[in-house]
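# Topology and contacts: notes
Here is how the chains run, residue by residue.
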Amino acid sequence: MRTRKAIPEVLAHKHIVLCGDNMNALSIIRSLGEVGIRPIVILLQGKNVSLVKRSRYIGQLVTSPSFNKSLEILYTYGDSQCKPFVYTSDDNHQCMLDMHFDEMKDRFYFFNAGERGRVTYFMDKNNICLAAKECGFTIAGSEVLKRGELPTSIHYPVITKTLNPYEYGWKRDVGVYYNEKELAEAYTAMVSKTLLVQEYVEKKNELSMQGFSIDGGKIVFLPFKRQYFRFTKTTYGSYCYYYTYKDEDLRTRITQLIRNIGFSGNFEIEFIEKEDGGLVFLEINFRHALSNYASTIGGVNLPYEWAKATLKHNVDDLVPTKNYFTAMDESKDFATFVRTGKVPLGRWLKDFLSADSYYLWNSRDIRPVLSFYWGKLKRKLHKDKLSGE
């Protein structure tokens, strides 16, 4: 794949990725790297298999022991004359910047909604659902409940979610329950103090869109829709397809929602597609999404295009190079569907080999791939050794 180099106006600025060691951060670094931007990476140390630090596209790597230290390091790069661009890979880092909006606004370009705490407010799933309803989106019936409380105004089956994506139980406490007994029993193993309990919507598919907004929602750019070949009841799928579209009504409502929030930055908006084709709004991620690198394969480099549009206060005539392409989260897809016997190995290999983009595999940046699987092998050998003692 041949990619155009970044324009000089964008290259003149520092580019900083504030992240943990995960595939989302890796995809941002790869997208920037492919247009000639070697970002500064402020990496929060963790116990994950090493991915980010192995990338060939990093210009400077700085490790940090804590979120507060990461913020302290970030401030040393602040420049009011030539503001660095800051890219976040997860909700915790995004929330941190949002809560320090006043200290950041004159020294950095970063994802924000124009005032301190406003992005964090709309990370709350109930708040964003209510805002989406005001813009004409359908939302599922829901109640905000303390752990242990049973719903009184919605119907079973229900799905439980943490209110905020930066809370400890945001993955652990997701589940579908068909009656009061099942929900009451599930509460005993949950860790979240407060949950959003929604009516579960039987889905034909899931739909999401990744893009960016500038100048508080004045311009919103959404190049592709994304849907899935396979998925589970409680999680998004791991093998998906992207396509261009001309649904102007949907674009208009999304633009109005982003404008009402006042958001500037990269984001992802998510829906459930019902059996009748109707869409039920789920949430917005006010950051890069895990699969954002796939858009780069499709001809729209979202991190770079946001930076360029931010400087120009306009979006160039961006025409995707592909109208349809596929992407696979290969490790998750294998574990979820092949190991459980839901998809035969032969069929999965055919899907893998025909995919246009991958969450991990990248022949131009191979060291993170080797590190990932070497780390998995070492952990398995260590586990086998302990079990044999």
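The rules behind each value
- Residues numbered from 1 in each chain as written.
- Predicted model: local features only at pLDDT ≥ 70, side-chain atom pairs only at ≥ 80, totals over all residues.
- Heavy atoms only, no water.
- Pairing = 2+ DSSP bridges.
- Helix = DSSP H or I, 4+ residues; strand = E, 2+ residues; numbered from the N terminus.
- Axes fitted to C-alpha atoms, helices over the stretch in contact; angles between N-to-C directions.
- Salt bridge = Lys/Arg side-chain N within 4 Å of Asp/Glu carboxyl O.
- Buried < 20%, exposed > 50% of the residue type's maximum accessible area, 1.4 Å probe, protein only.
- Contact = heavy atoms within 4.5 Å.
- Disulfide = S-S within 2.5 Å.
- Patch = residues over 30% accessible without salt bridge, like charges linked within 9 Å, V, L, I, M, F, W, Y side chains within 5 Å.
- Areas by Shrake-Rupley, 256 points an atom, 1.4 Å probe, with all protein chains shown as cover.
- Parallel < 35°, antiparallel > 145°, perpendicular 65-115°, else oblique.
- Left-handed = near helix turned anticlockwise from the far one by under 90°.
- Nonpolar A, V, L, I, M, F, W, Y, C, P; charged D, E, K, R; others polar.
- Polar contact = N/O pair within 3.5 Å; in protein donor to acceptor, adjacent residues only side chain to side chain.
- Lys, Arg positive; Asp, Glu negative; His and termini not counted.
- Charge placed at Lys NZ, Arg CZ, Asp CG, Glu CD.

## Here's the deal with the sheet that holds strand β9 (residues 194-199)
- Reading across the sheet, the four strands line up as β6-β9-β7-β8 and stay open at both edges, with antiparallel pairing between neighbours. Two strands in the sheet have a free side with no partner beyond their single neighbour: β6 (142-146) and β8 (175-177). Averaged over all pairs of adjacent strands, the angle between strand axes in this sheet comes to 30°, irrespective of strand direction.
- In this structure, strand β7 (residues 158-162) lies alongside β9, joined through five bridges in antiparallel fashion. Following the sheet pairing, I159 is matched in β9 by Q198.

## Overview of the pattern of salt bridges
- Counted by the stated rule, this structure contains 16 salt bridges.
- The residue D91 makes a salt bridge to R287 at a minimum N-O spacing of 3.0 Å. Of the two residues, D91 is situated in helix α4 (residues 91-98) and R287 in the loop between β15 (279-285) and α10 (293-297); the sequence distance between them amounts to 196 residues.
- Taking relative accessible area as the criterion, D91 reaches 6% and is therefore assigned buried.
- Residue R287 is classed as buried on the basis of its relative accessible area, which comes to 11%.
- Between K308 and E305 there is a salt bridge, and its shortest N-O distance comes to 3.3 Å. A residue pair is termed a helical-turn pair when its members lie 3 or 4 positions apart in one helix, as K308 and E305 do in helix α11 (residues 302-312) at three residues.
- Owing to a relative accessible area of 7%, K308 belongs among the buried residues under this scheme.
- Assessed through its relative accessible area of 4%, E305 is described here as buried.

## Regarding the environment of E103
- For E103, the position within the fold is in helix α5 (residues 101-104).
- Take E103: its relative accessible area is 40%, and that puts it in the partly exposed class.
- Counting along the chain gives 28 residues from E103 to Y75, while the straight-line C-alpha distance between them is 8.8 Å.

## A few points about the side chain of Q94
- Tracing the sequence through the fold places Q94 in helix α4.
- With residues near it in sequence (within four places) discarded, Q94 still touches T88, F111, V119, M123 and F286.

## Comments concerning unusual backbone geometry
- With an omega of 5°, the peptide bond running from Y156 to P157 counts as cis.
- When you line up the elements, P157 lands in the loop between β6 and β7.
- Phi is positive for D215, which is not a glycine, with a value near 55°.
- Among the structural elements, D215 can be located in the loop between β10 (205-214) and β11 (219-221).
- A positive phi angle, close to 55°, is found at H313, a residue other than glycine.
- By the secondary structure assignment, H313 is in the loop between α11 and β16 (324-328).

## Side note on the state of the cysteines
- As enumerated under the stated definition, the model contains zero disulfides in all.
- Looking at C129, it has no disulfide partner, and the nearest cysteine sulfur is the one in C135, 12 Å off.

## Let's talk about a nonpolar patch on the surface
- A surface patch of nonpolar side chains, about 270 Å² in accessible area, is lined by W361, I366 and L370.
- Within the secondary structure, L370 is located in helix α14 (residues 367-388).
- Its relative accessible area of 53% is what places L370 among the exposed residues.

## Observations regarding the packing of helix α12 (residues 330-338) against helix α13 (residues 345-354)
- In contact at an axis separation of 11 Å, α12 and α13 are set at 160° when each is read in the N-to-C sense. The orientation of α12 with respect to α13, classified from their angle, is roughly antiparallel. The handedness of the crossing between α12 and α13 comes out as right-handed. Only L345, W348 and F352 of α13 make contact with α12, whose side of the interface consists of E330, D333, F334 and V338.
- Among the residues making up the contact of α12 with α13, the classes are represented as five nonpolar, no polar and two charged.

## Examining the side chain of E330
- Looking at the element boundaries, E330 is found in helix α12.
- A distance of 3.3 Å separates a polar side-chain atom of E330 from the backbone nitrogen of Y359.
- Among the polar contacts listed, one links the side chain of E330 to the backbone nitrogen of W361, at a separation of 2.6 Å.
- If we ignore the near neighbours within four places in the chain, the residues touching E330 are W348, F352, Y358, Y359, L360, W361 and Y373.

## Here's the deal with a positive patch on the surface
- On the surface, a cluster of positive charge is contributed by K5, R38, K53, R54, R56, R367 and K378.
- With respect to the helices and strands, the residue R38 is situated in the loop between α2 (23-33) and β2 (40-44).
- Classification of R38 as partly exposed rests on a relative accessible area of 39%.

## Looking at the sheet that holds strand β4 (residues 85-88)
- Strand order in the open sheet formed by four strands is β3-β2-β1-β4, with parallel pairing between adjacent strands. Here the strands that pair on one side only, and so sit at the sheet edges, are β3 (60-64) and β4. Looking at each pair of strands side by side, their axes are set apart by 20° on average, direction ignored.
- Here strand β1 (residues 15-19) runs beside β2; their pairing, made up of four bridges, is parallel. If you follow V17 over to β2, its bridge partner there is V41.

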